Amino acid sequence: MVGEQRICLGDRINKMYLEKQNIADKSHLIEQWANVALKLKQKHGDASFNNWMKTLDPETIEAGCVIMTVSTRFLKEWILSHYLKDLNSFWKEENNSINNIEIKVRKNNDQSYSDNSGNLEGNISNNITVLNRAANEIDNNSTFSGTRFDPRFTFDNFVVGTSNRLAQAVAKNLAEENNVTVKSNPLFIYGGVGLGKTHLMQAIGQHIQKNNIGKKILYMSAEKFMYRFVRALRDKDIVNFKEYFRSVDMLMIDDIQFICGKGSTQEEFFHTFNELVDNNKQLVITADRSPSDLKDLDKKIQSRLGGGLVIDINNADYDLRLGILKAKMEILMKKDHKLNPVPDSVLEFVARKITSNIRELEGALHKIITDSLLMKREVTIESTKIVLSDLIRANEHVLTLDDIKKNVAEYYNINIADINSARKLRKIARPRQVAMYLAKKLTKESLMEIGSKFGGKDHATVVYSNRQIEKLCESNEQLRKDVQLLINRLSSI
Ligand code: ADP
Ligand code: MG
């Protein structure tokens, strides 16, 4: 009897131990998934993640295969055909033992996997559920109609610098005037990833929403537009879909490049677009490149997109990067009075080192702060070098002569071949001299090397060009500005 009881107790302890082990494993798995999810968000953007991958949930790892579940078959297929490669490589980065991924459709959508009622296990399980939610709902702000605005993305929180001044002014003007004119419809904002397009677009929307109650503003990513369109087709609900999109006062579509090459979605977008513009409703569009560079987009859509106001956001220069870091620090300290400020010297160091984009810059600041809180250590340049070592390495870019030629050619709208040529036409000779000047100023190449790589010129030509530009910059303000802009641009690549 006693023996039996002992066995029962032993079993229970064993069972509890195994459960605890399972929970610990699961907790570890979910932490890894949180990191994978973050990378997916960084690469594909919040909207894509929310549209397609938000319901992914890691279940277990078996023989090097991570098994994940998702809420519908449709999502499963979409993920497999669009994101499998990244899922694979990001999981592998987190956990080297993983070499395969399997996605299953969940039978029911109850994601809490644990029903055990033990105290300790219960606590752990609660934590896991929280973590689980964090991984899956990193930004669960979708509504049925569109995507809700992020309250941080306002004009007040948008720091202005050389690279985004025009875009900010135009956006603010549109938001404040709230008056649709042919000239600014659509407003098309483009620029590289993480430079503030979504922020600016949402700032317009939030401003108008706040000051014009009742205005119907619809904001969503192009990816979500496509998803809703595909769903409407599948559910034979296309009439409602059309009606819905045509009933808004302002339509904001983020990352329009996503629908390039997607035939029927493009067409549908085009019809929606035309009807809204014809009815004097404002459209705001963003993309990672200019309308004319959206190569897979139907020509007629391209031309309509470029038919309003087209504005670009460039890479942030050092001053803007530092300004943003200081502003973010202030916001963080307002939220948490106990937080120690990161010293200015460290912010300056980060602004110098993290040049890729503002999303990474923000990420770097959060990393430094988290590290100092966790490790309970003071933030110094030395500790920052360690914490950000990967990021700093990834941001290191040795400027090449080709970078300079390419940027100068683009800036002056000439060909790289012209820069290498001996043509004396002022329109070409001046940019060539600027390029040589920048090559001497910004790279470690010798005068001989610069000359020879600029189409076989001698070093005296480089010296002459250099003197010429220096002298001209003293009297020619436009040239001075051009050179400064190019230096800013080149120092941020
Ligand atoms: P994009 O849409 O161009 O990829 P986002 O608008 O998502 O970039 O910006 C990435 C991050 O950088 C966001 O957190 C955003 O708030 C921040 N950010 C970008 N530009 C600025 C700026 N000028 N001032 C403050 N924060 C900015
Ligand atoms: Mg964006």
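The following paragraphs examine the structure supplied in this document. (Residues numbered from 1 in each chain as written. Chains lettered and ligands numbered in written order. Predicted model: local features only at pLDDT ≥ 70, side-chain atom pairs only at ≥ 80, totals over all residues. Heavy atoms only, no water.)

The next point concerns unusual backbone geometry. With an omega dihedral of 0°, the bond running from N185 to P186 counts as a cis peptide bond. With respect to the helices and strands, the residue P186 is situated in the loop between α5 (165-177) and β4 (187-190). One non-glycine residue, A63, lies in positive phi territory at about 45°. Secondary-structure assignment places A63 in the loop between β1 (57-62) and β2 (65-70). (Helix = DSSP H or I, 4+ residues; strand = E, 2+ residues; numbered from the N terminus.)

With mixed pairing, the three strands of this open sheet are ordered in space as β1-β2-β3. Each edge of the open sheet carries a strand with a single partner, namely β1 and β3 (100-105). Between one strand axis and the next, the sheet turns by 25° as a mean value, whatever way the strands run. As paired elements, β1 and β2 share five bridges and run antiparallel to each other. (Pairing = 2+ DSSP bridges. Axes fitted to C-alpha atoms, helices over the stretch in contact; angles between N-to-C directions.)

Neighbouring ligand 1 are 18 residues, the closest being V159, G194, K197, T198 and H199. The backbone of L195 places a nitrogen or oxygen atom 3.1 Å from an oxygen atom of ligand 1. Take H199: an N or O atom from its side chain is 2.7 Å from an oxygen atom of ligand 1. Put simply, the parts of the chain that give the shell around ligand 1 at least two residues each are α6 (197-211), α11 (318-335) and α13 (358-375). In terms of residue class, the shell around ligand 1 is made up of seven nonpolar, seven polar and four charged. (Near = heavy atom within 4 Å. Polar contact = N/O pair within 3.5 Å; in protein donor to acceptor, adjacent residues only side chain to side chain. Nonpolar A, V, L, I, M, F, W, Y, C, P; charged D, E, K, R; others polar.)

The next subject is the pattern of salt bridges. Under the counting rule described, the total for this entry stands at 23 salt bridges. A salt bridge links D418 to R423, with the nearest nitrogen and oxygen atoms 3.2 Å apart. On the accessibility criterion, D418 (13% relative accessible area) is buried. Linked through salt bridges whose partners overlap, the residues forming this network are K242, R246, E268 and E275. (Salt bridge = Lys/Arg side-chain N within 4 Å of Asp/Glu carboxyl O. Buried < 20%, exposed > 50% of the residue type's maximum accessible area, 1.4 Å probe, protein only.)

Fair warning: the whole summary comes from geometry, so function is off the table for now.
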